[in-house]
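Notes for the structure review
One-letter residues, chain by chain:
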Amino acid sequence: MKQLLENKVAIITGAARGIGKAIAIRFAEEGCQIAFTDLVINEQAEETRKEIEAKGVTCRSYASNAADFDETHKVVEQVLQDFGHIDILVNNAGITKDTLLLRMTEQQWDSVINVNLKSAFNFIHAVSPYMMRQKSGAIVSMSSVVGIYGNAGQANYAASKAGIIALTETTAKEFGSRGIRANAIAPGFVLTDMTAALPQATLDAFVSRIPMRRGGTPEEIANVALFLASDLSSYVSGQTIQVTGAM
């Protein structure tokens, strides 16, 4: 049986751990060759690369500051040299610097906007000419339920994730005639290393607001990313899929 992403090549940003890692592994299980980036390629990133390669695909890791326009273009050029083509882009790189709006510094605002939103622009700008020439491509960008509804203490994060939704819709409209699809995923409360560090009372408060009475897993987000990256969603573009357990 043919795998969903057989012989495809995907760039996944910020994929050394968490949701990005889960997406890379899920794509690899469906035959996708993986090029993933992270700010530094450390021991953790190398372990991720080995896990992906254990799925029987080629995987290469690239140190990249996704918020840097020139650096992003250089990385994309290197991926093209290494793999020959790019079929899928997953914009997953992201950070948080939470605090109330009146206490937020300019640096806290700028750094979150740059890493979460500008990085997506950088990578779309870099890969789109190649996708346009091959007249195909799937772009999946990670937004958040916070980008739809907002959240106290996360003005910078909410703005960056709302920007991802608007960027996705615009990308879909501009590149649709060239066979390029663009969609976003808006996760709710997902159980990652970051959320695992929260106090139990905070975790319980989050879960109490979710009708399914549990947090999501990175693997559940990865399954939605697989749908959007594959031909299963061949007529789906410009959409934001909420993965929230009905929160």
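Structure: above.
Okay, so let's go over this structure. (Residues numbered from 1 in each chain as written. Predicted model: local features only at pLDDT ≥ 70, side-chain atom pairs only at ≥ 80, totals over all residues. Heavy atoms only, no water.)

A few points about the overall build of the chain
Formally: Numbered from the N terminus, helices here are DSSP runs of H or I no shorter than four residues, and strands are runs of E no shorter than two. Atoms counted for the radius of gyration: C-alpha only. Globule rule: 2.2 Å times the number of residues to the power 0.38. We call a residue buried when its accessible area falls under 20% of the maximum for its residue type, exposed when it is over 50%, and partly exposed in between, using a 1.4 Å probe and counting protein chains only. Two residues qualify as a contact provided that any one of their heavy atoms is within 4.5 Å of a heavy atom in the partner residue.
Looking only at helices and strands, the chain has nine helices and seven strands in total. Taken over the C-alpha trace, the chain has a radius of gyration of 17 Å; the compact-globule value for 247 residues is 18 Å, and the two agree within 12%. Along the three orthogonal principal directions, the C-alpha set of the chain runs to about 50 × 40 × 35 Å. Expressed as a percentage of its 247 residues, the buried residues of the chain come to 48%. Nonlocal contacts in the chain, meaning residues at least 24 apart in sequence, comprise 74% of its contacts between residues at least 6 apart.

Things to note about the side chain of serine 233
Following the sequence through the fold, serine 233 ends up in the loop between α9 (218-229) and β7 (240-243). In this structure, serine 233 is in contact with Arg181, Phe227 and Leu228, ignoring residues within four places of it in sequence.

Focus on the layout of surface pockets
Condition: A 1.4 Å probe that fits but cannot get out identifies a cavity on a 1 Å grid over protein atoms alone, an open set with protein on both sides within 12 Å along at least five of seven lines counts as a pocket, and a residue lines either if it has an atom within 4 Å of a point. Grid points are joined across faces, edges and corners, and a volume is the space filled by probe spheres set on the points. Just so you know the grouping, Ala, Val, Leu, Ile, Met, Phe, Trp, Tyr, Cys and Pro go in nonpolar, Asp, Glu, Lys and Arg go in charged, and all remaining residues, Gly too, go in polar.
Its volume calculated, the largest pocket comes out at about 1500 Å³. Lining the largest pocket are 48 residues, with Gly94, Thr96, Tyr157, Thr192 and Met194 positioned closest to its centre. Residue assignment for the lining of the largest pocket shows that the elements contributing at least two residues are α1 (18-29), β2 (33-38), α5 (146-149), α6 (155-175), α7 (193-196) and α8 (200-208). Space inside the second largest pocket adds up to approximately 160 Å³. For the lining of the second largest pocket, a count of residues per class yields five nonpolar, four polar and four charged.

Observations regarding the pairing of strand β1 (residues 9-13)
Quick reminder of the rule: Should DSSP find at least two bridges between two strands, the strands are regarded as paired. Here is how to tell: hold the view so the strands point away, follow the path from the first strand over the helix to the second, and if it runs clockwise the crossover is right-handed.
The element β1 is largely enclosed, with a buried count of five among its five residues. With burial as the criterion, each face of β1 is covered, one bearing Val9, Ile11 and Thr13 and the other bearing Ala10 and Ile12. The pairing of β1 with β2 spans five bridges and is parallel. Along β2, the bridge assignment pairs isoleucine 12 with phenylalanine 36. In this region the chain leaves β1, passes through α1 and returns to the parallel neighbour β2; the handedness of that crossover is right-handed. In this sheet, strand β4 (residues 88-91) lies alongside β1 in parallel orientation, the contact comprising three bridges.

A short note on the nonpolar core
To be explicit about the condition: Take the buried residues of types Ala, Val, Leu, Ile, Met, Phe, Trp, Tyr and Cys, join any two whose side-chain atoms come within 4.5 Å, and each joined set is a nonpolar core.
With 32 residues, the main nonpolar core has Ile12, Ile23, Phe27, Ile34 and Ile52 as its most contacted residues. Counting only elements with at least two residues in this core, the list comes to β1, α1, β2, α2 (43-53), β4, β5 (137-142) and α9. Contacts of phenylalanine 27, omitting those with residues within four sequence positions, involve Leu5, Ala10, Ile12, Cys32, Ile34, Ile88, Val90, Ala225, Leu226 and Ala229. Judged by nonpolar contacts, the second largest core, of 24 residues, contains Ile11, Ile86, Ile139 and Phe175.

Looking at the sheet that holds β1
Filter applied, for reference: Axes here mean lines fitted to C-alpha atoms, for a helix over just the part in contact, with angles spanning 0 to 180 degrees between N-to-C directions.
Read from one edge to the other, the open sheet built from seven strands follows the order β3-β2-β1-β4-β5-β6-β7, with strand pairing classed as parallel. In this open sheet, the two strands that pair with only one neighbour each are β3 (59-63) and β7. Going across the sheet, the axis of each strand differs from the next one's by a mean of 15°, ignoring polarity. Where β2 and β3 come together, five bridges link them in parallel fashion. Opposite aspartate 38, over in β3, you have alanine 63 as the bridge partner. Packed onto the sheet, helix α3 (residues 69-83) meets β1, β2 and β3 and runs at close to 160° relative to β3. In the packing of helix α4 (residues 106-134) onto the sheet, contacts are made with β1, β2, β4, β5 and β6 (180-187), and the angle to β4 comes to roughly 175°.

A short note on the environment of lysine 50
Counting through the fold element by element, lysine 50 comes out in helix α2. Between the C-alpha atoms of lysine 50 and alanine 10, which are 40 residues apart in sequence, the distance is 16 Å.

So, unusual backbone geometry
Located in the positive-phi region is arginine 213, a residue other than glycine, with phi close to 60°. Counting through the fold element by element, arginine 213 comes out in the loop between α8 and α9. By relative accessible area, arginine 213 is classed as exposed at 53%.

Scope: geometric values only; no functional claims are made or implied.
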